[in-house]
Structures are given as C-alpha cells and as structure tokens.
Amino acid sequence: MKATLTDQQIKTWYRAVLIIFFASGLLTASWLTRLHDISHGLHLSPGPMGMLLLAQTVGSFSAVSMSGYLVSKFGARTCILGSYILATAGAALVGLAVSIASVPLAAFSLMIMGLGIAVSNVASNVQGVAVERALGRFVTPIMHGFFSIGTVVGAAIGTADTFLEVPFGVHMLYMAVLIIALVLYSLRHCHSENYGQDSTAMMAQVTSYRVKDAWRDKHTILIGIFVLGMALAEGSANDWIALALTREYETTATVGSLGYFTFVAAMTTGRLLGTRFLNAHGRISVLRVTCSLAIIGLIIFIFAPNTALGFVGLVVWGLGASLGFPTGMSAASDDPVKAAVRVSVVSTIGYAAFLGSPPLLGMLGEAFGIRHGLLAVLIFVVSSLMLTRYLEVFKNDKPVHTESLGPDPATAVPQEQPNQP
C-alpha cells in the first residue's frame with residue numbers, strides 16, 4: 001500500500017524544492033555577476049572570454065543528455081545531492097583558478113561546474129513538476145522565480161563584494177559553502193519514494209519510452225526549440241550584460257554588476273507575478289505577451305543611445321524572458337511517465353543555446369560589438385514567439401492532478417487541494 005502525502009507534507013516538500021531552486025540561482029550569480037573579475041584576472045578579451053565560457057556549457061551539454069537516465073536510475077534526490085557537490089566544488093576551483101591566473105584550471109573548473117548544473121537542473125525540474133501535479137495548479141514559474149530570487153541575492157552579494165574589493169577566490173569559496181548547506185538542508189524534505197499522489201521515482205520511469213523516442217517526437221522537439229530561443233534570451237543576458245555595459249556603454253565594473261542585477265530582478269518579478277496570469281489565462285496568451293516583451297527589451301538595449309535607456313531595455317528584456325524556460329519545462333513534463341526523458345531532451349536542446357551563445361556572441365562581439373551581436377539572439381526569440389502555440393497540452397490549458405499515472409493527464413479532471421501553499 002502506497003503512503004499518501006498529507007497536504008502539510010506536500011507544502012513542506014514544495015518549500016524544500018523552492019530552496020533548491022534558490023540555491024541554483026545563487027550558484028549562477030556567484031560567478032556571472034563577477035565576469036569582469038574573471039576576464040581581468042585571466043587577461044581575456046571578449047573572444048577568448050567567450051571560448052572560456054564555452055567550457056561551462058560543454059560540461060553542461062555533455063551531461064544533460066544522460067540526465068534523464070541518471071534520474072530514472074538513481075532518483076531525483078540522489079542526483080540533486082551528487083550534482084550540487086560537483087557544481088560547488090567546481091565553483092570553488094574557479095575562484096582558485098582566477099586567483100592564480102590559470103586559464104586551463106578555470107576552463108576545467110567551469111566544465112566540472114557545468115556537469116553538476118546540468119544534472120541538477122533536470123532532477124530539480126522532475127521534483128518540481130511532481131509538486132505541481134500534487135498541487136493541481138501551475139507553480140513551476142514560482143520555482144524558477146525562486147531561482148531568479150537566488151540570482152538577485154547572488155548578484156547583490158557579488159555587486160557588494162565588487163564594490164568592497166573582496167577577492168574573487170574568497171567570494172567563490174564562501175558562496176560554495178553557503179549553497180551546499182542550503183541544498184543539504186532542503187533534501188531532508190524531498191521525496192524519492194512512492195507516495196500516492198505522484199512519485200519522483202514513478203515520473204522518472206523511462207519504461208518503454210526511451211530517449212530516442214523523445215528525439216523522434218515532433219511535439220517534444222518543437223517545445224525544445226521554443227525553450228532554446230528563450231534560454232538564449234536568458235543566457236546571453238547572464239553572460240554578456242556586465243561586459244556590454246562596461247565595454248560599450250563605458251561604465252564602471254560596479255554599474256556592470258548592477259546591470260546584471262537589474263535584469264535578474266526584472267526576471268524574478270515576471271516569474272513571481274506571471275504565475276497568476278498563467279493560471280488565469282493559460283500558457284499561450286501569456287507567453288505571446290512575454291516573448292513580445294523580450295523582443296522589445298532586446299531592441300531597446302541593443303540600440304539605446306545612453307545607459308539610462310539601456311537599463312530600461314534590461315527591465316523589459318528581463319520581464320519578457322521570465323516565463324519561457326520554466327513554462328517550457330512544465331510543458332515537457334505534461335505526461336508524468338515520460339517526464340524525465342522529455343525534460344532531458346528539451347533541456348539538451350535548450351542547452352544548445354548556452355553551448356553556442358558564448359563563442360557565437362564572442363566572435364560577433366569582436367567583429368561588431370557585443371550589443372550588435374545580440375541581434376542574433378533577437379532572431380531566436382522571434383522564433384520562440386512563433387512556436388508558443390505548441391505549448392498548449394492540457395484541456396483548457398490548465399494543469400491537472402491525478403491520483404495515479406493511469407489516466408491521460410490531457411483529459412483527467414482537476415481535483416481541488418485544500419490548504420495549498
């Protein structure tokens with residue numbers, strides 16, 4: 001007889017997953033907000049810097065394609081633990097590499113960090129959509145909103161450390177310790193056993209549906225291409241905002257960090273407030289609006305004649321990029337049995353953006369300037385806007401709660417959950 005989680009247990013589990021997403025945001029911002037320190041410490045111009053950033057995405061890309069198998073084999077909880085140990089170790093090593101000005105060690109460290117981040121992303125999303133189904137309403141944008149809150153907090157810490165001239169190595173070491181502590185605490189309340197309403201282990205079952213089947217699934221691929229465009233909108237901002245502000249707007253390193261902070265703050269706001277609109281109006285209508293905002297924000301930032309207007313573009317860009325990635329992950333997880341495999345495939349496609357954008361934008365930045373290089377990103381975001389209609393799966397475009405994996409989630413009847421968080 002399977003144990004059924006109580007409402008309070010579901011709420012506690014939900015909060016634990018929120019903390020894990022928050023920790024992921026801290027990890028991301030811990031080094032992205034101080035890219036100037038990495039570039040300066042290693043004496044790299046935009047082109048070589050783009051190739052260095054490629055190391056992190058190569059590590060992520062090489063791991064994400066097998067993440068679905070790892071989650072199905074060992075469970076999401078175990079994968080989250082192992083991947084965060086790997087990622088935080090890589091983060092600490094990046095700090096050491098910059099301190100001793102070693103480009104090879106920096107590349108190796110970023111690759112190790114990328115491996116950990118890739119597996120943790122898939123495992124965390126599998127946990128997240130299990131919670132979403134237990135609650136019977138959209139919550140994955142809120143989870144990714146907590147990722148963004150983590151990036152805001154991390155960016156604020158990074159900006160303060162930049163202003164206070166805290167050595168990059170010291171900054172990365174204490175951030176790594178903080179992040180792993182948060183994850184270890186949260187995992188005490190995460191579930192990897194059968195529990196009635198839904199199960200991470202059950203959701204991670206590959207059964208007869210394999211990775212190669214997902215790659216042949218047109219719907220999965222189109223969701224992946226949508227996610228690719230929105231991941232590029234988010235990833236290019238993470239990688240290049242600070243450098244674009246310092247090099248082309250000719251601002252200080254502190255203003256560059258503040259620009260990254262502004263973007264992630266806007267994206268966090270969009271994720272936290274956008275969830276209400278998703279539940280009220282469905283995925284398609286809301287995503288058409290947000291994709292359009294991302295396009296407008298990019299255009300403003302690329303062509304703004306001054307820093308003030310550039311910051312306006314960052315706000316609009318951040319709001320527009322806020323819901324694309326989490327909603328794409330939710331759409332990929334509509335079928336619980338296929339969730340881990342489909343999330344891994346969609347994540348692989350999405351990570352192509354992170355894989356390709358650093359060298360692509362680095363080369364374009366060398367030739368035309370970083371801001372004009374972002375025109376390539378604009379093309380992909382327009383493509384995402386055109387693909388939004390493929391993210392509608394549930395009846396009435398609403399999530400459903402199922403007591404088992406038997407019924408088709410596209411036709412199952414939603415059930416109310418009292419005392420929802």
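(A) Representation of the overall build of the protein chain within the structure. Counting secondary structure elements, the protein chain contains 18 helices and zero strands. Relative to its full complement of 421 residues, the protein chain shows a buried share of 61%. For the protein chain, the share of sequence-separated contacts (at least 6 apart) that also reach a separation of at least 24 residues comes to 84%. A total accessible area of about 15,400 Å² is found for the protein chain, and carbon and sulfur atoms account for 67% of it.

(B) Representation of the pattern of salt bridges within the structure. For the structure shown, the criterion picks out three salt bridges. Of the charged contacts in the structure, one is a salt bridge between arginine 34 and aspartate 37, with a shortest N-O distance of 3.1 Å. What makes arginine 34 buried here is its relative accessible area of 2%. Between glutamate 234 and arginine 271 there is a salt bridge, and its shortest N-O distance comes to 3.1 Å. Here glutamate 234, found in helix α11 (residues 218–247), pairs with arginine 271, found in helix α12 (residues 253–281); they are 37 residues apart in sequence, far enough to count as distant. Glutamate 234 sits in the buried class, given a relative accessible area of 7%.

(C) Region of the structure containing the packing of aromatic side chains. With the rule as written, the count across this model stands at three aromatic pairs. Residues phenylalanine 263 and tryptophan 317 carry aromatic rings whose centres are separated by 5.4 Å and whose planes lie at 70 degrees to one another, so their mutual orientation is edge-to-face. Of this pair, phenylalanine 263 sits in helix α12 while tryptophan 317 sits in helix α14 (residues 307–321), and the two are 54 residues apart along the sequence. Ring centres of phenylalanine 301 and tryptophan 317 lie 5.7 Å apart, and the angle between their planes is 55 degrees; this geometry places the pair in the tilted category. Within this pair, whereas phenylalanine 301 is found in helix α13 (residues 283–303), its partner tryptophan 317 is found in helix α14, the two being separated by 16 residues in sequence. Comparing phenylalanine 301 with tryptophan 317 shows no difference in burial state: the two are buried. An aromatic cluster of three or more residues is present, and its members are Tyr249, Phe263, Phe301 and Trp317. Stacked on the ring of tyrosine 249, the Lys or Arg arginine 371 has its end atom at 4.1 Å from the ring centre.

(D) Inspection of helix α8 (residues 168–187) at higher detail. Helix length check: α8 (20 residues) gives 29 Å between terminal C-alpha atoms against 28 Å at 1.5 Å per residue, within 8%. Phe168, Gly169, His171, Met172, Met175, Ala176, Ile179, Ile180, Val183, Ser186 and Leu187 are the residues of α8 that are buried. One side of α8 holds all its buried residues, which, seen down the axis, span an arc of 150 degrees. Buried residues along α8 sit in contact with α1 (7–32), α2 (35–42), α5 (76–99) and α7 (140–164).

(E) Up close: unusual backbone geometry. With a phi angle near 55 degrees, alanine 101 is a residue other than glycine that sits in the positive phi range. The topology assignment puts alanine 101 in the loop between α5 and α6 (103–135). Classification of alanine 101 by relative accessible area gives partly exposed; the value is 42%. Residue glutamate 165 is not a glycine yet carries a positive backbone phi of 60 degrees.

(F) Fine view of the environment of methionine 175. Relative to the elements of secondary structure, methionine 175 occurs in helix α8. Between the C-alpha atom of methionine 175 and that of alanine 29, which follows or precedes it by 146 residues, the distance is 9.9 Å. Not counting chain neighbours up to four residues away, the residues in contact with methionine 175 comprise Leu26, Ser30 and Ile157.

(G) Quick look at the environment of alanine 176. Residue placement: alanine 176 occurs in helix α8. Spatially, the C-alpha atom of alanine 176 lies 9.1 Å from that of leucine 26, the residues being 150 residues apart in sequence. When sequence neighbours within four positions are dropped, the list of residues in contact with alanine 176 reads Thr88 and Ala92.

(H) Broad picture of α7. Given a rise of 1.5 Å per residue, 25 residues ought to cover 36 Å, and the 36 Å separating the end C-alpha atoms of α7 matches this to within 8%. Directly beyond the C-terminal end of α7, a positive phi value near 60 degrees is found at glutamate 165.

(I) Region of interest: the confidence of the model for the protein chain. Within the protein chain, residue pLDDT values average 79, and 84% of them lie at 70 or more. In this model, residues 193–207 is a region of pLDDT below 50 whose contacts with residues beyond four sequence positions or in other chains number 52 contacts.

(J) Layout of the side chain of threonine 159. As for its position among the elements, threonine 159 is in helix α7. Judged by its relative accessible area of 14%, threonine 159 falls in the buried class. Setting aside anything within four residues of it in sequence, one finds threonine 159 in contact with Thr33, Thr254, Ser257 and Leu258.

(K) Looking closely at the nonpolar core. Grouped together as the largest cluster of nonpolar side chains are 120 residues, with contacts concentrated most on Trp31, Ile38, Met113 and Trp317. In this structure, tryptophan 31 is in contact with Ile38, Leu53, Gln56, Leu110, Met113, Phe168 and Met172, ignoring residues within four places of it in sequence.

Cut-off values and rules
- Residues numbered from 1 in each chain as written.
- Predicted model: local features only at pLDDT ≥ 70, side-chain atom pairs only at ≥ 80, totals over all residues.
- Heavy atoms only, no water.
- Helix = DSSP H or I, 4+ residues; strand = E, 2+ residues; numbered from the N terminus.
- Buried < 20%, exposed > 50% of the residue type's maximum accessible area, 1.4 Å probe, protein only.
- Contact = heavy atoms within 4.5 Å.
- Areas by Shrake-Rupley, 256 points an atom, 1.4 Å probe, with all protein chains shown as cover.
- Salt bridge = Lys/Arg side-chain N within 4 Å of Asp/Glu carboxyl O.
- Phe/Tyr/Trp six-rings, centres within 6.5 Å; stacked < 30°, edge-to-face > 60°.
- Lys NZ or Arg CZ within 6 Å of the ring centre and 35° of its normal.
- Expected span 1.5 Å × (residues − 1).
- Arc of directions from axis to C-beta.
- pLDDT = per-residue confidence, 0-100.
- Core = buried A, V, L, I, M, F, W, Y, C linked by side-chain atoms within 4.5 Å.

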